[in-house]
Amino acid sequence: MAEVWDRAVDLAVDAPPFERNPSAWNQRIPICILAGLGCVISTYMALYQWNLIDSVWDPVFGGQTTAVLSSDLSHDMQRRIRIPDAALGAWGYLSEAILGLAGSTRRWQFRPWMVIVFGIDVIPLGGVSAILVVAQGAVVGSWCFLCLVSALISFVLIALAYDEVWACLKYLRRVWTRHRDPRLLWRVFCGRPDARAELVALDRS
């Protein structure tokens, strides 16, 4: 089984349906950089919501940013989640950066659980966060430049992350279709070596 595992590392450099490796560092580093930028922006806005700074820089909408960040809607969200919404966004971006750095360049195959958690963090939660930012501006009637930049970053992260998640799901589906074994599927999902699963990964058909 160890020989098959080694062959999977050496030969299965691409991830069907893609003719490349979506877990490669050149795929993930841009995600981490953007997530880090989003974390800095959200932390900066959270500092204002915590009253640690007096104003927020906005080259486009001026004072509208402070109106958005201190709106009734923002205060209501803070009462519900116990922290400023910008701080929650900062935490989300930070977790995306950490998960983006975690695991090897074969994690779509060897650590599916990690890719799935990463995908949940980036895609549905990022999408909801971006939509809430835009909705907040529409409801309040004011717009926030950094909020819109943050929303744009979230949408770009979704576009960059989806292929790794899709490749991972396709791999799990191929394992299930080939063997119909729930225990094998669970082993693969948890990242435990199994010769049958490695043969599925090596099969390019």
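Just above, that's the structure.
Residues numbered from 1 in each chain as written. Predicted model: local features only at pLDDT ≥ 70, side-chain atom pairs only at ≥ 80, totals over all residues. Heavy atoms only, no water.

Engineer: Would you mind going over the overall build of the chain in detail, with residue names and values included?
Structural biologist: Across its full length, the chain carries eleven helices and zero strands. Put simply, the chain runs from its N terminus to its C terminus through helices and strands in the order α-α-α-α-α-α-α-α-α-α-α. By residue count, 44% of the 205 residues in the chain fall in the buried class. The long-range share in the chain, meaning contacts at least 24 apart out of those at least 6 apart in sequence, stands at 75%. A total of about 10700 Å² of accessible surface is found on the chain, and carbon and sulfur atoms cover 66% of it. (Helix = DSSP H or I, 4+ residues; strand = E, 2+ residues; numbered from the N terminus. Buried < 20%, exposed > 50% of the residue type's maximum accessible area, 1.4 Å probe, protein only. Contact = heavy atoms within 4.5 Å. Areas by Shrake-Rupley, 256 points an atom, 1.4 Å probe, with all protein chains shown as cover.)

Engineer: Outline the environment of Trp 166, supporting the account with residue identities and numerical values.
Structural biologist: Tracing the sequence through the fold places Trp 166 in helix α9 (residues 145–179). With 148 residues separating them in the primary sequence, Trp 166 and Phe 18 have C-alpha atoms 9.5 Å apart.

Engineer: Provide a residue-level description of the pattern of salt bridges, including the pertinent values.
Structural biologist: Applying the stated rule across the entire model yields two salt bridges. Here Arg 20 makes a salt bridge to Asp 163, at a shortest N to O gap of 2.8 Å. Highlighted residues: Arg 20 in the loop between α1 (2–11) and α2 (25–49) and Asp 163 in helix α9, separated in sequence by 143 residues. Its relative accessible area of 34% is what places Arg 20 among the partly exposed residues. Close ionic contact of Glu 164 with Arg 107 constitutes a salt bridge, the shortest N to O distance being 2.7 Å. Of this pair, Glu 164 sits in helix α9 while Arg 107 is found in helix α6 (residues 107–110), placing the two residues 57 residues apart along the sequence. The two residues Glu 164 and Arg 107 agree in class, both being buried. (Salt bridge = Lys/Arg side-chain N within 4 Å of Asp/Glu carboxyl O.)

Engineer: Go over the environment of His 179, please, and point to the residues and values.
Structural biologist: Tracing the backbone through its elements, the reader meets His 179 in helix α9. The exposure class assigned to His 179 is partly exposed, which follows from its relative accessible area of 30%. Considering only alpha carbons, one finds His 179 and Arg 196, 17 residues apart in sequence, at a separation of 8.4 Å.

Engineer: So what about unusual backbone geometry? Which residues, and what values?
Structural biologist: With a phi close to 65 degrees, Asn 51 is a non-glycine residue in the positive phi region. Within the secondary structure, Asn 51 is located in the loop between α2 and α3 (64–69). Here Asn 51 falls in the exposed class, since its relative accessible area comes to 68%. A positive phi angle, close to 50 degrees, is found at Arg 180, a residue other than glycine.

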